[in-house]
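Residue strings, one per chain:
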Amino acid sequence: MGGCIKPIGGGIYHMELNFKKCSEEDFEDFYILRCDKENIYWTGHDKEPNKDSLYEWYTEQLRRNDRIMFIARTDGLSEPIGYLYLDIIGNTVEISYAISSKEWNHGFGTKLILFSIKYSKKNLISIKNIYGWVFDFNYASIRCFEKNRFVKSGEIKLSYFEPGKQYFLMSKYEYSIE
């Protein structure tokens, strides 16, 4: 990691993220992220994905016109640190993301969400609203959205969470494009 990490106030680290639109060549990086123990948990699974099945799903996603996928990296690390989906639904974007558990607590989730705002404003000019759904017990993700001025909309849904073997509330967090 060397000189790429610069401590700033309170032991928080500052690293620049680089975002690349996913292509077939990025599958191995995506697979690494999807095999992360915490990613398995938060995506509602109980084991690592089958690589062949995931590859089939991944290439199918790349062909979609309503989804843009990104891999996030930082210059100081050889492995990817996260991924981001932007799902275009009319004049809104729904975001989903994951950060490698090895890279938690460095502000990367906040930076990923900020990138989704900047990308949408610059490249998806008809977009009026960005939102994401968050389990009410995922406090880290809630903080990432709130740091980017997303507001809890009051809209909720029940979603089955396999690791807990039960339904949990998810809240919708929204950001309006000015």
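Along each chain, the written sequence defines residue order, and numbers are assigned to residues from 1. With pLDDT at 70 or above as the cut-off, local features in this predicted model cover only qualifying residues; side-chain atom pairs require 80 or more to be listed or tallied, and sums for whole chains, interfaces and linings still use all residues. Just so you know, side-chain values use all the structure's heavy atoms and leave hydrogens and water out.

Draft legend 1. Molecular detail of the overall build of the protein chain. In terms of regular secondary structure, the protein chain is built from five helices and nine strands. Only DSSP runs of H or I with at least four residues qualify as helices, and only runs of E with at least two residues qualify as strands; both kinds are numbered from the N terminus onward. Starting at the N terminus and ending at the C terminus, the protein chain contains elements arranged as β-β-β-α-α-α-β-β-β-α-β-α-β-β. Throughout, the radius of gyration refers to the C-alpha atoms, and the reference size of a globule is 2.2 Å times the residue count to the power 0.38. Relative to the globule expectation of 16 Å for 178 residues, the C-alpha radius of gyration of the protein chain, 16 Å, shows essentially globular dimensions. When its C-alpha atoms are laid out on the principal axes, the protein chain stretches across 45 × 40 × 35 Å. Here the protein chain, with 178 residues, has 46% of them falling under the buried criterion. Should any heavy atoms of two residues lie within 4.5 Å, those residues are considered in contact. Here the analysis covers contacts within the protein chain between residues at least 6 apart in sequence; of these, 59% occur between residues at least 24 apart. For the protein chain, the accessible surface area stands at approximately 10,100 Å², while carbon and sulfur atoms represent 51% of it. Here the protein chain contributes 24 positively and 25 negatively charged side chains, and the mean placements of these two sets differ by 6 Å. Burial here depends on accessible area, computed with a 1.4 Å probe over protein chains only, as a share of the maximum for the residue type. Under 20% is buried, over 50% is exposed, and the range in between is partly exposed. Only the protein chains shown count as cover for residues, and the accessible areas themselves come from Shrake-Rupley with a 1.4 Å probe. Positive: Lys, Arg. Negative: Asp, Glu. His and the chain ends are not part of the count. Charge placement uses NZ in Lys and CZ in Arg. For Asp and Glu, CG and CD serve respectively.

Draft legend 2. Looking closely at the packing of helix 1 (residues 27–34) against helix 3 (residues 51–63). Every axis corresponds to a line fitted to the C-alpha atoms, with the helix fit spanning only the stretch in contact, and the corresponding angles, defined between N-to-C directions, vary from 0 to 180 degrees. Put simply, helix 1 and helix 3 touch, their axes get as near as 11 Å, and they point 120° apart. It follows from the interaxial angle that helix 1 and helix 3 lie oblique. Considering only the axes of helix 1 and helix 3, their crossing is right-handed. Within the contact between the two elements, helix 1 uses Phe27, Glu28, Phe30, Tyr31 and Arg34 and helix 3 uses Lys51, Leu54, Tyr55, Trp57 and Tyr58. Taken together, the residues of the contact of helix 1 with helix 3 break down into seven nonpolar, no polar and three charged. By the definition adopted for this analysis, an angle is roughly parallel if under 35 degrees, roughly antiparallel if over 145, roughly perpendicular if from 65 to 115, and oblique otherwise. Should the near helix be turned anticlockwise from the far one by less than a right angle, the crossing is termed left-handed; should it be turned clockwise, right-handed. Classification used: nonpolar for Ala, Val, Leu, Ile, Met, Phe, Trp, Tyr, Cys and Pro, charged for Asp, Glu, Lys and Arg, polar for all others including Gly.

Draft legend 3. Seen up close, the pattern of salt bridges. When a carboxyl oxygen of Asp or Glu lies within 4 Å of a side-chain nitrogen of Lys or Arg, that pair is called a salt bridge. The final tally for this structure, using the stated rule, is eight salt bridges. Between Asp87 and Arg67 there is a salt bridge, with its nearest N and O atoms 2.6 Å apart. In this pair, Asp87 is assigned in strand 5 (residues 82–89) and Arg67 in strand 4 (residues 67–73), connecting sequence segments 20 residues apart. Assessed through its relative accessible area of 13%, Arg67 is described here as buried. For Lys172, the salt bridge identified is with Glu155, shortest N-O distance 3.4 Å.

Draft legend 4. Local environment of the environment of Asp46. Mapped onto the elements, Asp46 comes out in the loop between helix 2 (37–42) and helix 3. Judged by relative accessible area, which is 60%, Asp46 ranks as exposed. For the pair Asp46 and Pro163, spaced 117 residues apart in the sequence, the C-alpha separation amounts to 6.4 Å.

Draft legend 5. Quick peek at the packing of aromatic side chains. Pairing of aromatic rings covers Phe, Tyr and Trp, the last counted by its six-membered ring, and requires centre-to-centre distances within 6.5 Å; plane angles under 30 degrees mean stacked, over 60 mean edge-to-face, and any other angle means tilted. The full count for this structure, using the stated rule, is 22 aromatic pairs. Taking 6.5 Å as the distance between ring centres and 40° as the angle between the ring planes, the aromatic pair formed by Phe30 and Tyr85 counts as tilted. Highlighted residues: Phe30 in helix 1 and Tyr85 in strand 5, separated in sequence by 55 residues. Accessibility assignment for this pair places Phe30 and Tyr85 in one class, buried.

Draft legend 6. The arrangement of the nonpolar core in detail. For our purposes a nonpolar core is just a set of buried Ala, Val, Leu, Ile, Met, Phe, Trp, Tyr and Cys residues, chained together by side-chain atoms within 4.5 Å. In this structure, Leu84, Leu86, Ile95, Tyr97, Ile130, Phe145 and Phe150 are the most contacted members of the largest nonpolar core, which totals 28 residues. With six residues, helix 4 (residues 108–123) is the single largest residue contributor to this core. Setting aside chain neighbours within four positions, we find Ile95 in contact with Leu84, Tyr85, Leu86, Ile113, Ser116, Ile130, Tyr131, Gly132, Phe145 and Phe150. Judged by nonpolar contacts, the second largest core, of 13 residues, contains Cys22, Phe27, Tyr83 and Tyr85.

Draft legend 7. The arrangement of the confidence of the model for the protein chain in detail. Within a predicted model, pLDDT stands for the predictor's per-residue confidence, ranging from 0 to 100. The pLDDT averaged across the protein chain works out to 87; a share of 90% of its residues lies at or above 70. Low confidence marks residues 1–12, where pLDDT is under 50. Its contacts with residues over four positions away, or in another chain, come to 17 contacts.

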